[in-house]
Amino acid sequence: MRFGARVFKTGVTVVLTLFITSLLGLEPSLIAAIAAVFALQPNVHRSVMRTWEQFQGNALGAVSAIVMVLLFGNNVIVIGLTVILVLAILLFFNLQSVSTLAVVTMIAIMDAPTLMENSTTMDFLEAAGIRFSLVMIGVLSSLVVNLLFIPPKYETKMYHNCFNITSDIFKWIRLELNAVSEYQIVKKDIESLRTRVVTLETMYLWYREEKNYFKRSSFADARRKILFRHLIASTRRAFELLRKLNRYENDYNHLDDDFKYRIRHEMDQLMAYHEQIFMKITEKIRPEAAFETYDNDEQFEHSMMDDFVRLYYEAETQEEKIQYENMLEFISAIHEYSNSLNRLDRLASSFFRFHADKNKINIQDETLDI
């Protein structure tokens with residue numbers, strides 16, 4: 001776990017919640033602090049949407065607790081049955097995402113100290129209202145902190161994650177192509193890369209949900225999200241390329257030497273192309289800059305697929321044919337990766353070339369993968 005903005009905002013939310021409850025003289029403030037921790041969301045949009053859901057869930061939990069206490073008391077069996085009832089109601093209303101805090105609200109009300117004394121119904125209802133208010137103070141505090149304090153910098157995080165992950169992928173691809181890697185070591189690192197790519201894709205889902213509530217949404221915001229979607233998609237394609245190369249490492253090593261050189265040449269070109277696109281997104285090179293590739297007609301007599309078909313039919317044994325059939329998956333992955341980079345390059349060039357005053361991406365310097 002890294003010490004980041006989410007950790008810092010959790011502490012700020014708890015401090016704000018405790019300050020408000022002490023200012024209002026509400027007790028026990030621990031309930032509000034617990035609610036604030038549970039209610040904190042990874043982005044602003046989820047905080048806004050979840051606040052209404054939290055209110056509904058907590059209200060259902062509070063009403064259920066009040067009704068059950070007035071009808072049956074607050075012994076442990078009744079509390080357990082009420083938990084089941086609340087969870088069933090939340091499931092019926094499709095509010096299971098806020099079930100944890102709703103159950104906390106219910107238990108806090110059913111365990112109110114006034115129930116242990118000779119108190120009136122009004123005393124109990126007053127205590128229930130205070131505890132429900134404490135929970136909602138925690139929820140609202142988390143919303144305020146997410147809206148105003150350290151807004152998440154998803155663009156910076158996604159860019160640097162993409163850059164770091166693809167750099168590691170390129171390292172292993174180059175080692176695999178030169179036949180100097182260990183299969184098991186690469187396979188182990190691929191699992192780590194898979195987790196990082198999935199985390200990156202999850203981060204994009206949070207970023208896609210983000211909305212600016214202080215100004216009108218613009219067309220540039222939508223274009224920016226599309227650009228990052230394709231940036232992450234190209235990272236996924238690069239990962240799939242490495243995975244298939246590792247899977248068919250033995251088949252690759254037994255290919256014709258000229259064809260292996262052809263594959264290494266194509267991969268060097270694509271990896272350099274990908275790196276140039278990263279530079280274009282940070283505006284370190286001109287958006288209209290084209291990637292200078294070798295002319296295939298001059299460098300090679302035929303296309304890669306033509307060479308592959310020729311070598312496949314020239315294979316003398318069934319085992320050699322199977323090796324080329326397996327490599328067809330890797331060649332297809334190269335083609336998909338190339339198409340993904342072409343789309344990304346066109347989007348990046350278009351994004352920065354037109355409406356340049358609005359299409360800005362503020363990517364801050366960052367060296368650590370997140």
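Look above for the structure.
Bear in mind that the values here come from a model prediction, so they are computed numbers and not experimental data. (Residues numbered from 1 in each chain as written. Predicted model: local features only at pLDDT ≥ 70, side-chain atom pairs only at ≥ 80, totals over all residues. Heavy atoms only, no water.)

Draft legend 1. Representation of the overall build of the chain. Counting secondary structure elements, the chain contains 14 helices and 0 strands. Mapped from its N terminus to its C terminus, the chain presents α and β elements in the order α-α-α-α-α-α-α-α-α-α-α-α-α-α. The 370 residues of the chain split such that 45% are buried. Taking as baseline every contact in the chain between residues at least 6 positions apart, the subset at least 24 positions apart corresponds to 81%. Roughly 20,100 Å² of accessible area belongs to the chain as shown, and the carbon and sulfur atoms make up 58% of that amount. (Helix = DSSP H or I, 4+ residues; strand = E, 2+ residues; numbered from the N terminus. Buried < 20%, exposed > 50% of the residue type's maximum accessible area, 1.4 Å probe, protein only. Contact = heavy atoms within 4.5 Å. Areas by Shrake-Rupley, 256 points an atom, 1.4 Å probe, with all protein chains shown as cover.)

Draft legend 2. Expanded view of the pattern of salt bridges. Under the counting rule described, the total for this entry stands at 14 salt bridges. The closest approach of N and O atoms between E266 and R262, which form a salt bridge, is 3.2 Å. Placement of the pair is E266 and R262 together in helix α11 (residues 257-281), with a separation of 4 residues, close to one helical turn. With respect to burial, E266 and R262 carry one shared label: buried. Where R310 meets D307, a salt bridge forms, and the shortest distance between an N and an O atom there is 3.8 Å. Of this pair, R310 and D307 are both found in helix α13 (residues 304-314), 3 residues apart, which corresponds to roughly one turn of the helix. R310 gets classed as partly exposed once you look at its relative accessible area, which sits at 39%. (Salt bridge = Lys/Arg side-chain N within 4 Å of Asp/Glu carboxyl O.)

Draft legend 3. The arrangement of helix α8 (residues 183-209) in detail. Taking 1.5 Å as the rise per residue, α8 with 27 residues should run 39 Å; its terminal C-alpha atoms sit 39 Å apart, in good agreement. Along α8, the residues that are buried comprise V186, I190, L193, V197, L200, M203, Y204 and Y207. Each element contacted by the buried residues of α8 is listed here: α7 (154-177) and α9 (219-247). (Expected span 1.5 Å × (residues − 1).)

Draft legend 4. Here's a closer look at α11. Under the 1.5 Å per step criterion, the end-to-end length of α11 is 37 Å for 25 residues, consistent within 8% with the ideal 36 Å. Two or three places before D258, at the opening of α11, D256 has a side-chain oxygen 3.0 Å from that residue's backbone nitrogen. Where α11 ends, the next residue or the one after it, E283, has phi of about 60°, a positive value. (Polar contact = N/O pair within 3.5 Å; in protein donor to acceptor, adjacent residues only side chain to side chain.)

Draft legend 5. Structural view of the nonpolar core. Among the nonpolar cores identified, the biggest contains 57 residues, and M158, I169, I173, I263 and M267 are the most heavily contacted of them. Of all the secondary structure elements, the ones that give two or more residues to this core are α7, α8, α9, α11, α13 and α14 (318-353). (Core = buried A, V, L, I, M, F, W, Y, C linked by side-chain atoms within 4.5 Å.)

Draft legend 6. Highlighting a nonpolar patch on the surface. A contiguous nonpolar surface patch, about 400 Å² in accessible area, is contributed by V63, V67, L71 and F72. With respect to the helices and strands, the residue V63 is situated in helix α3 (residues 44-72). (Patch = residues over 30% accessible without salt bridge, like charges linked within 9 Å, V, L, I, M, F, W, Y side chains within 5 Å.)

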